[in-house]
Amino acid sequence: AACGPGPGGHPVQERMVDFHGTQCGFCTPGMVMQMWGGLKQHKAKGGSAYTKADLEDLDLLAGNLCRCTGYRPIADCLKSFG
């Protein structure tokens, strides 16, 4: 069952797929939840969309380890919300 609105997944999940941000899938739930939480928190503080500069430091991904993708597709996914 999808966990987002409509028949597909949440926009963060869909972008992870679109940007090929998953390989083995081990880190994916943590990455998705950390992105979702960070984006939601930013919006709750009155922020609009992230700027590219906000996303360049990639603090939203700190603490999650990925051994497969080299982080580039995951970072590109996150940056696409800017």
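Because the structure is predicted, anything quoted here is derived from the model rather than measured.

When its secondary structure is counted, the chain shows four helices and zero strands. For the chain, the α and β elements follow one another from N to C terminus as α-α-α-α. Evaluated residue by residue, the chain yields a buried proportion of 32% over its 82 residues. Within the chain, counting contacts between residues at least 6 apart in sequence, those at least 24 apart form 59% of the total. Carbon and sulfur atoms make up 57% of the accessible area of the chain, which totals about 5,200 Å².

Topologically, Leu-61 is positioned in the loop between helix H3 (52–56) and helix H4 (72–79). The exposure class of Leu-61 is buried, given its relative accessible area of 7%. The sequence separation of Leu-61 and Ile-74 amounts to 13 residues, and the corresponding C-alpha distance is 8.8 Å. In this structure, Leu-61 is in contact with Met-31, Gln-34, Met-35, Ile-74, Ala-75 and Leu-78, ignoring residues within four places of it in sequence.

This part covers the state of the cysteines. The full count for this structure, using the stated rule, is zero disulfides. With no disulfide partner, Cys-24 has as its closest neighbouring cysteine sulfur the one in Cys-68, 3.7 Å distant. Relative accessible area serves as the criterion here: at 58%, Cys-24 is assigned to the exposed category.

A few words now on the packing of helix H1 (residues 11–18) against helix H2 (residues 28–44). As a packed pair, H1 and H2 sit with axes 9 Å apart at the nearest point and diverge in direction by 130°. With respect to H2, the axis of H1 lies oblique. Along this stretch, H1 crosses H2, giving a crossing that reads as right-handed. Facing Val-12, Gln-13 and Met-16 of H1, the residues of H2 in contact are Thr-28, Met-31, Val-32, Met-35, Trp-36 and Leu-39. Class assignment of the residues belonging to the contact of H1 with H2 gives a composition of seven nonpolar, two polar and no charged.

This paragraph deals with H4. Of all eight residues in H4, six are buried; the element is thus mostly enclosed. Within H4, burial applies to Pro-73, Ile-74, Ala-75, Cys-77, Leu-78 and Lys-79.

Here the focus is the confidence of the model for the chain. Chain-level pLDDT for the chain is 79 on average; 78% of the residues reach the 70-or-more range. Confidence, expressed as mean pLDDT per element, reaches its minimum in the chain at H3 with 66 and its maximum at H1 with 92.

Cut-offs and rules
Residues numbered from 1 in each chain as written. Predicted model: local features only at pLDDT ≥ 70, side-chain atom pairs only at ≥ 80, totals over all residues. Heavy atoms only, no water. Helix = DSSP H or I, 4+ residues; strand = E, 2+ residues; numbered from the N terminus. Buried < 20%, exposed > 50% of the residue type's maximum accessible area, 1.4 Å probe, protein only. Contact = heavy atoms within 4.5 Å. Areas by Shrake-Rupley, 256 points an atom, 1.4 Å probe, with all protein chains shown as cover. Disulfide = S-S within 2.5 Å. Axes fitted to C-alpha atoms, helices over the stretch in contact; angles between N-to-C directions. Parallel < 35°, antiparallel > 145°, perpendicular 65-115°, else oblique. Left-handed = near helix turned anticlockwise from the far one by under 90°. Nonpolar A, V, L, I, M, F, W, Y, C, P; charged D, E, K, R; others polar. pLDDT = per-residue confidence, 0-100.

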